[in-house]
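Residue-level structure breakdown
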Amino acid sequence: MRPPVKTEIENLLSKAIGEVFTAGDASPPLEIERTRDTQHGHFSSNIAMRLAKMLGKSPRDIAADIVEALPESDQVAAVDIAGPGFINFRLAPDAFHAELHKIICAEEKYGNSDLGGKRKVNLEYVSANPTGPLHVGHGRHAAYGACVANLLIATGHDVHQEYYVNDAGRQMDIIALSVWLRALQAQGQKFNFPAGAYQGEYVQTIAAELGSAEMPDGLFEALPEDGDAQLDLLIQRVCEALGEEGFDAILEVALDNILADIRDDLGEFGVHPDEWFSEKSLTSSGAVDRALKLLAENDVTYEKDGATWFRAIDYGDEKDRVVVRDNGRTTYFASDIAYHLHKRERGFEDLIDIWGADHHGYVARVTAGLEAMGQPTECLHVELVQFVALYRAGKKVQMSTRSGDFVTLRQLREEVGNDAARLFFVMRSNEQHLDFDLDLAKSKSNENPVYYLQYAHARVCSVMAQLAERGLSWDDETALRALPQLVEEHEQSLMLTLTRFPEIVEAATLQRAPQHVVHYLKELAQEFHAYYNAHKFIVDDDGLRNARIMLVLATRQVMRNGLGLLGVTAPDKM
RNA sequence: GCGCCCGUAGCUCAGCUGGAUAGAGCGCUGCCCUCCGGAGGCAGAGGUCAGAGGUUCGAAUCCUCUUGGGCGCGCCA
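Throughout what follows, the structure given in this document is the object of discussion. Everything numeric here is computed off the predicted structure, so don't read it as measured data.

A few words on the sheet that holds strand 10 (residues 321-324). Reading across the sheet, the three strands line up as 8-9-10 and stay open at both edges, with antiparallel pairing between neighbours. Looking at the sheet topology across the chains shown, the edges are occupied by strand 8 (301-304) and strand 10. On average, each strand axis in the sheet is tilted by 45° relative to the strand beside it, whichever way the strands run. Strand direction decides the pairing type here: strand 9 (residues 307-310) and strand 10, joined by three bridges, are antiparallel. Of the residues in strand 10, the one forming a bridge with Trp309 is Val322.

Take a look at the structure:
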């Protein structure tokens, strides 16, 4: 299969440059861009201007030399020099026709590439604490992460998607305590439910599964004022009353329930991690101890105030970090560096972490940990996702995790549907705050981008149905021969836009920016709708009709592929 | 106080990791089906790219400073 048009131009250009400047000195990287205006052709290179200083010649002279040395190509119709020294390429109609054919043949694979070269990538996202149902913020993480995964897969990376389950630590103790207390209440025990415990209704649902619970004597006696200290004491007393095993059993019930709920929720949302990686397993497998030992061997830990500290400052962090507390328990951070080391040991070249923006201070810490354990810091890529604010009737919906008063992902999905949720979550850059307009997401109007995109797809389906109704069918041989008849401006620009898709996928992947795909699809839909309004596709002329149908089918294919990357369905009818 | 992110049309945002005259959608003004789905399309008005310096052939984009907003600075996870 022939290379994408852009690659063809790149090849031509680098050949020409190699011929003109045989000297092996470092030349600036080739940059081929789409022109904004077709007045300047279709592709443009600034290479002559980049070389000007190095060669001590004027950009336009250099450009002339390069153009002179440019090999012939049936894909290029014209090359000229413009402005300060741009080399502009105008593609031959043939190039577009070949690309259209390629779209039709490649089907769902159009846009895919081997950019990644089977590189092993570990992508960790969501990783919400299993202490309650996912809320809308997690939904954004899920949608974004899944899109990045789709992009990486489409561009030939070997992707492993992971959800890190924080099933160890104090938060889990608190959820277990919360469940237990609710179980007591369900049996008629009267007491004030602690403010710091988990308030959500789901806690009572889980408590109902627990069956009978017995109130230990003096459970609430002489509790300290401080909320945290209060919880810790309660946990300690319940632990004593039930025994370690009894308490763990409750914890397991809570964990299983909540995790099952999260798994279902994500599954319905089209998000399917390959692995649910348990934090606890890092301790039981000895991975944490190994990491700590490695740090000690590298002489980057020390003892102070009864705790073990990691010299994070030496690796660019703001302060040193505790890895083993004075009570002997390892910290969350210790698990996390062990986890990242473990990922590397499993053979992943790139580790992509998707975290909440509130974790940005954590980046330096984990990077420091990896480096101190002898790992290259470039292997870690952290993407931060900013917060989501919901708007209903123009007003911000108040949410607070603490009081259990938050909108869950499931509620959101039920209200606006999976497609709208998936699209809205990735419409904006991940590092930008997202204002999620619930009314817009629900509206069946042209303002709603979900409908705008899906409508373009459905419209093509409708055209095909109409074609069949008239007893006609599409024939690719006829279409191929007749492609030169597609001379209308709408057709030219639609073809041009279609050929950009692989470049968009590539750019979106490299920048981990699915919103590029969204914006591209809007543009494609816009051009298609304009074309639809301006011209009839089902015309009497056999050739022209088939050619137009081919163009429209290619549009549908790209729309479908793009929506697929975003995790949004492409319905035939709406 | 220190660190990270953000500031582009009235509103919500793009701007392809330095390119040619800064773009969409909504809203506003005026239009377009005897038609394959009007859930659509066309045209117009609307900008000191927060501000000031700098880097260079060239800056909304990169670097400093100022300013406004968000977030973070635990032996929590």
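For the coordinates displayed, the defined rule picks out one cavity of 30 Å³ or more. When its volume is computed, the largest cavity comes out at roughly 30 Å³. Lining the largest cavity, in full, are His40, Gly41, Ala78, Asp80, Asn88, Phe89 and Arg90. Broken down by secondary-structure element, the contributors of at least two residues to the lining of the largest cavity are strand 3 (76-82) and strand 4 (86-91). Ranked by the residues each element gives to the lining of the largest cavity, the list is headed by strand 4, at three residues. Taken together, the residues that form the lining of the largest cavity break down as two nonpolar, three polar and two charged.

Right, let's get into the pairing of strand 5 (residues 120-124). Counting buried positions along strand 5 gives four out of five residues, so the element sits mostly inside the fold. As judged from the five bridges shared by strand 5 and strand 6 (residues 158-165), these two strands associate in the parallel manner. Bridge pairing links Asn122 to His160 in strand 6. A crossover links strand 5 with its parallel partner strand 6, the connecting element being helix 5 (residues 136-154), and its sense is right-handed. As paired strands, strand 5 and strand 11 (residues 350-356) are joined by four bridges and run parallel to one another. Each residue of the ladder has a partner; that of Glu124, found in strand 11, is Asp353.

Tallying each qualifying case throughout the model produces 19 aromatic pairs. An angle of 35° between the planes, with centres 4.8 Å apart, marks the rings of Phe277 and Tyr339 as tilted. One end of the pair, Phe277, is in strand 7 (residues 275-278); the other, Tyr339, is in helix 11 (residues 332-345), with 62 residues separating them in the sequence. For Phe277, a relative accessible area of 6% puts it in the buried group. Of the aromatic side chains, those joined through ring pairs into one cluster are Phe310, Tyr315, Tyr332, Phe333, Trp355 and Tyr362. Taking NZ or CZ as reference, Lys120 lies 4.8 Å from the ring centre of Phe348, over its face. Directly above the aromatic system of Phe193 lies the positively charged group of Arg182, at a separation of 3.5 Å from the ring centroid.

A few words now on helix 5. The terminal C-alpha atoms of helix 5, which comprises 19 residues, lie 27 Å apart, in line with the 27 Å expected from a rise of 1.5 Å per residue. By the criterion of burial, helix 5 is predominantly enclosed, with 16 of the 19 residues buried. Count one or two residues on from helix 5 and you reach Gly156, which has phi positive near 80°.

Where helix 20 (residues 515-534) contacts helix 21 (residues 542-566), the axes come no closer than 10 Å and their chain directions differ by 155°. It follows from the interaxial angle that helix 20 and helix 21 lie roughly antiparallel. By crossing handedness, the relation of helix 20 to helix 21 is classed as left-handed. Within the contact between the two elements, helix 20 uses Val517, Val518, Tyr520, Leu521, Leu524, Ala525, Phe528 and Tyr531 and helix 21 uses Arg548, Leu551, Val552, Thr555, Val558, Met559, Gly562, Leu563 and Leu566. Looking at the contact of helix 20 with helix 21 residue by residue, the class counts come to 14 nonpolar, two polar and one charged.

So, about the protein's contact with RNA strand B. Taken together, 66 residues lie around RNA strand B, and Arg36, Asn446, Tyr455, Arg459 and His535 are the ones closest in. Within 4 Å of the protein, the contacting atoms of RNA strand B are 64% sugar and phosphate, with bases supplying the remainder. In this structure, Glu431 approaches RNA strand B through a side-chain N or O atom, which is 3.1 Å from a phosphate oxygen. Contact between RNA strand B and Tyr532: a base nitrogen at 2.9 Å from a main-chain N or O atom of the residue. Broken down by element, the surface near RNA strand B gets its largest block of residues, eight residues, from helix 16 (residues 449-469). Its residues assigned to classes, the surface near RNA strand B shows 22 nonpolar, 24 polar and 20 charged.

So, how was this worked out
Along every chain, residues carry numbers that run from 1 in the direction the sequence is written. Ligands are numbered from 1 and chains lettered from A, in the order in which they are written. It should be noted that, the model being predicted, local features are given only for residues of pLDDT at least 70 and side-chain atom pairs only at 80 or more, the latter also being counted only at that level, while totals for whole chains, interfaces and linings use all residues. Note: side-chain values were computed over all heavy atoms of the structure, leaving out hydrogens and water. For two strands to be treated as a pair, DSSP must find no fewer than two bridges joining them. Numbered from the N terminus, helices here are DSSP runs of H or I no shorter than four residues, and strands are runs of E no shorter than two. To obtain an axis, a line is fitted to C-alpha atoms, over the contacting stretch when the element is a helix, and the angle between two such axes runs from 0 to 180 degrees between their N-to-C directions. Two kinds of site are reported from a 1 Å grid over the protein atoms alone, namely cavities, where a 1.4 Å probe fits but cannot get out, and pockets, open sets with protein on both sides within 12 Å along at least five of seven lines, and residues are called lining when an atom falls within 4 Å of a point. Grid points are joined across faces, edges and corners, and a volume is the space filled by probe spheres set on the points. Think of it as three bins: nonpolar holds Ala, Val, Leu, Ile, Met, Phe, Trp, Tyr, Cys and Pro, charged holds Asp, Glu, Lys and Arg, and polar takes everything else, Gly as well. Here's how the labels work: a residue is buried when its accessible area is under 20% of the maximum for its type, exposed when over 50%, partly exposed in between, all with a 1.4 Å probe on protein chains only. Convention used here: a crossover is right-handed provided that the path from the first strand, over the helix, to the second strand proceeds clockwise when the strands point away from the viewer. Ring pairs shown here join Phe, Tyr and Trp side chains whose ring centres sit within 6.5 Å, with only the six-membered ring taken for Trp; geometry is labelled stacked below 30 degrees between planes, edge-to-face above 60, and tilted in between. Think of it as a cone above the ring: NZ of Lys or CZ of Arg counts as a charge over the ring if it is within 6 Å of the ring centre and within 35 degrees of the ring normal. Here the expected length of a helix is defined as 1.5 Å per residue gap, with one fewer gap than residues. Under this scheme an angle from 65 to 115 degrees is roughly perpendicular, one under 35 degrees roughly parallel, and one over 145 degrees roughly antiparallel; angles in between are oblique. Handedness of a crossing follows from how the near helix is turned relative to the far one, being left-handed for an anticlockwise turn of less than a right angle and right-handed for a clockwise one. What makes two residues a contact is simply this: any of their non-hydrogen atoms within 4.5 Å. Think of it this way: one heavy atom of a residue within 4 Å of a molecule or strand is enough to make that residue near it. Two N or O atoms form a polar contact when they lie within 3.5 Å of each other; inside protein one atom must be a possible hydrogen donor and the other a possible acceptor, and for residues adjacent in sequence the pair counts only when both atoms belong to side chains.

All quantities given are derived from atomic positions and should not be read as evidence of function.
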